[in-house]
Amino acid sequence: MNAPVRVLIVGCGNLLRGDDAVGPVLVRHLWERGVPHGVRCADGGTGGMDVGFQMRGVPHVIIVDTCRSGSEPGAIFRLDGRDAETPPLAGVNLHAFRWDHALAFARWALKEDYPPRIDVWLIEAEHLDPGAPLSPAVDAAMHRVADLLMQEVDAALSAPAVTT
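This write-up is about the structure you can find in this document. (Residues numbered from 1 in each chain as written. Predicted model: local features only at pLDDT ≥ 70, side-chain atom pairs only at ≥ 80, totals over all residues. Heavy atoms only, no water.)

### What about the overall build of the protein chain?
- A tally of regular secondary structure across the protein chain gives five helices and five strands.
- Moving toward the C terminus, one meets the helices and strands of the protein chain in the order β-α-β-α-β-β-α-α-β-α.
- Within the span of the protein chain, comprising 164 residues, buried residues form 45% of the whole.
- Relative to all contacts within the protein chain whose residues are 6 or more apart in sequence, the contacts with residues 24 or more apart total 77%.
- Of the accessible surface of the protein chain, which amounts to about 8,600 Å², a share of 56% is contributed by carbon and sulfur atoms. (Helix = DSSP H or I, 4+ residues; strand = E, 2+ residues; numbered from the N terminus. Buried < 20%, exposed > 50% of the residue type's maximum accessible area, 1.4 Å probe, protein only. Contact = heavy atoms within 4.5 Å. Areas by Shrake-Rupley, 256 points an atom, 1.4 Å probe, with all protein chains shown as cover.)

### Re the pattern of salt bridges
- Tallied over the entire structure, the rule returns eight salt bridges.
- We note a salt bridge from R33 to D147, for which the minimum N-O separation is 3.0 Å. With R33 in helix α1 (residues 22-33) and D147 in helix α5 (residues 136-158), the pair connects residues that are 114 residues apart, well separated along the chain.
- Here D119 makes a salt bridge to R78, at a shortest N to O gap of 3.2 Å. You can see D119 sitting in strand β5 (residues 117-124) and its partner R78 sitting in strand β4 (residues 76-80), a full 41 residues away along the chain.
- For D119, a relative accessible area of 7% gives the class buried. (Salt bridge = Lys/Arg side-chain N within 4 Å of Asp/Glu carboxyl O.)

### Brief notes about the sheet that holds β4
- With mixed pairing, the five strands of this open sheet are ordered in space as β2-β1-β3-β5-β4. The sheet is open, and its two edges are formed by β2 (39-45) and β4, each paired on a single side. Within this sheet the neighbouring strands show an average axis-to-axis angle of 20°, counted without direction.
- With six bridges joining them, strand β1 (residues 7-12) and β2 adopt parallel strand pairing. Residue pairing in the sheet places L8 in a bridge with R40 of β2. (Pairing = 2+ DSSP bridges. Axes fitted to C-alpha atoms, helices over the stretch in contact; angles between N-to-C directions.)

### A word on the side chain of D19
- With respect to the helices, strands and loops of the structure, D19 is situated in the loop between β1 and α1.
- One buried charged residue, D19, remains without a salt bridge, the closest side chain of opposite sign being R68 at 6.8 Å.
- Setting aside residues no more than four positions away along its own chain, D19 makes contact with T66, A125, E126, H127, L128, P133, L134, S135 and V138. (Lys, Arg positive; Asp, Glu negative; His and termini not counted.)

Following this line, the structure appears as structure tokens:
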């Protein structure tokens, strides 16, 4: 029998663009490492709308992606998902539908099934060159984030499940 999903970890980004691959690479790393029952990992890739639907009814969603803020490559940022929702301003274009759009879309589409907790982890990119691997700084940060996420997941799973 499958345990209900209590935590969903979504890795977003493009595997073909250097450090932009950090989200899907992190998810693959967690799959290889093994995740506890009650945790599902999803490769969000570049499919933002799919990310929105995968969140249905999950109490805690964690999104991991890269960013370009001008900080040192490999810098790690953590945001509250409520602060990161951005409705697409120019209409829905699936080629430009990002995770922040997916959050706004999911709030609208899922209504009472929208997750009560969403955390967004961003890792500062060094390069987004087509075909390049993760830079050493981003790779090291990805491993730090994976360790932090597993600590957080262990704590969340040891807490009593919240029923609504």
